[in-house]
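Spelled out from the first residue to the last, the chains are:
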Amino acid sequence: MVTDDPVKLMKQAVGRAAAARVESNTVVGLGTGSTTAYAIQALGNRLAKGELQNVVGVPTSFGAEVLAKEYGIPLTTLDAVDGIAIAIDGADEVDPQKNLIKGGGAAHTREKVVDCLADLFIVVVDGGKLVDKLGSKFLLPVEVIPMALSPVMRALAKLGGQPELRMGVKKAGPVVTDQGNLVIDVKFESIDNPGELEKTINNIPGVLENGLFVGVADIVLVGELQNGQPLIREL
Ligand code: 5RP
């Protein structure tokens, strides 16, 4: 994946920086998305070069699984391991308290399971993902079981949100998650208390999980460009 696109350069650099923190003999949570894809590639390269031994991955999506196989990372499941040493995952928005909105790839349910289990959760983003307040730019994804779509849409509107069903691209009809569910993207004018909203939404019958990750991230690595060169800083 050679590129001179500035955003891709930042994503690549930050993905590599996160992969550099993985140690031998560990279980690694493999996130979903274009930034994490670079981390998965870098991890596979380190394994292939013999820099790392005995690393196994727990993928957060079918997409992450496919990539891990492509780059030669052995995979396991949560039934087969006691824990996860480190998880690397992207985000759609990051606030100054390291709270996140995730789910741009409709994978936030599995991502939350894996990222929350990790002893160390490293978030990898480019500078464009940093916001003062969550919800400023990105809609909040909510995964819902199909038969509860209408009542959940109404409940989200009652909470002050503007819900819309996420539609597929190059696929007729709605996006279907790896669990066979639907995703509602919700515009909130202002998310003043992300922790409270995360719990309130998850309490609506039929909601599986929403994309607010509050108090979960340990480290946020931010890729930025300085004089055309990618630079990594820790938030
Ligand atoms: C998928 C996610 C992704 O991590 C998030 O959308 C960021 O993706 P990208 O690195 O492609 O910008 O939450 O559900």
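For the structure given in this document, a descriptive report is provided here. (Residues numbered from 1 in each chain as written. Predicted model: local features only at pLDDT ≥ 70, side-chain atom pairs only at ≥ 80, totals over all residues. Heavy atoms only, no water.)

### Here we look at the pattern of salt bridges
We apply this condition: Salt bridge criterion: a side-chain nitrogen from Lys or Arg within 4 Å of a carboxyl oxygen from Asp or Glu. For every residue, the accessible area obtained with a 1.4 Å probe (protein chains only) is divided by the maximum for its type, and the residue is called buried under 20%, exposed over 50%, and partly exposed between those limits.
In total, this model carries 11 salt bridges according to the counting rule given. The closest approach of N and O atoms between Lys-49 and Glu-51, which form a salt bridge, is 3.5 Å. The class of Lys-49 is exposed, set by a relative accessible area of 62%. The salt bridge involving Lys-102 is made with Glu-111; its shortest N-O contact spans 3.1 Å. Just as Lys-102 is buried, Glu-111 falls in that class too.

### Remarks on the site of the ligand
Our working rule: Note on terminology: near, applied to a residue and a molecule or strand, indicates that one of the residue's heavy atoms is within 4 Å of it. Throughout this description, a polar contact denotes any pair of N or O atoms lying within 3.5 Å of each other; where both atoms belong to protein, one of them has to be capable of donating a hydrogen while the other can accept it, and for residues adjacent in sequence the pair is counted only when both atoms sit in side chains. Note on areas: these come from Shrake-Rupley sampling with a 1.4 Å probe, and a residue is covered only by the protein chains present in the view. Put simply, DSSP H or I for four residues or longer makes a helix, DSSP E for two residues or longer makes a strand, and each gets a number counted from the N terminus.
Taken together, 18 residues form the shell around the ligand, and within it Thr-32, Ser-34, Thr-35, Asp-92 and Lys-129 come nearest. Within the side chain of Lys-11, an N or O atom sits 3.5 Å from an oxygen atom of the ligand. Contact between the ligand and Gly-90: an oxygen atom at 3.4 Å from a main-chain N or O atom of the residue. Burial of the ligand by the protein amounts to 91% of the accessible area it has alone, namely 380 Å². Elements with a contribution of two residues or more to the shell around the ligand: helix 2 (34-49) and helix 4 (108-117).

### Re empty space enclosed by the protein
Put simply, the test is: In this analysis the probe radius is 1.4 Å and the grid spacing 1 Å, with only protein atoms considered; a cavity is a set of points the probe fits into but cannot get out of, a pocket is an open set with protein on both sides within 12 Å along at least five of seven lines, and lining residues have an atom within 4 Å of a point. Grid points are joined across faces, edges and corners, and a volume is the space filled by probe spheres set on the points.
Tallied over the full model, the rule gives 1 cavity of 30 Å³ or more. Considered as a void within the structure, the largest cavity measures approximately 30 Å³ in volume. Gln-12, Arg-16, Tyr-38, Gln-41, Ala-42 and Asn-45 are the residues that line the largest cavity. Of all the secondary-structure elements, those providing two or more residues to the lining of the largest cavity are helix 1 (6-19) and helix 2.

### A closer look at the nonpolar core
Selection criterion: The nonpolar core is taken to be a set of buried Ala, Val, Leu, Ile, Met, Phe, Trp, Tyr and Cys residues, with the residues joined through side-chain atoms within 4.5 Å. Note on contacts: a residue pair is in contact if any heavy atoms of the two residues lie within 4.5 Å.
The biggest cluster of nonpolar side chains holds 25 residues, and the ones touching the most others in it are Val-22, Val-28, Leu-30, Ile-40, Leu-43, Ile-73 and Ile-122. Here the element with the most residues in this core is helix 2; it accounts for 6 residues. Among residues more than four places away in sequence, those in contact with Ile-122 are Ala-18, Arg-21, Ile-86, Ala-87, Ile-88, Asp-89, Ile-219 and Leu-221.

### A closer look at the sheet that holds strand 10 (residues 207-210)
For the record, the criterion: For two strands to pair, DSSP has to find at least two bridges joining them. With axes taken as lines fitted to C-alpha atoms, and helix axes fitted only over the stretch in contact, angles between N-to-C directions fall between 0 and 180 degrees.
Taken in spatial order, the 4 strands of this open sheet run 8-9-7-10, and their pairing is antiparallel. One side of each edge strand has no neighbouring strand; the edge strands of this open sheet are strand 8 (162-165) and strand 10. Taken pair by pair, the neighbouring strands of this sheet meet at an average axis angle of 30°, ignoring direction. Bridge analysis of strand 8 against strand 9 (residues 182-187) gives 4 bridges, and the strand direction is antiparallel. Note that in strand 9 the partner of Gln-162 across the bridge is Lys-187. The strands touched by helix 4 within the sheet are strand 7 (140-144) and strand 10, with strand 10 carrying the most contacts at an inclination of about 65°.

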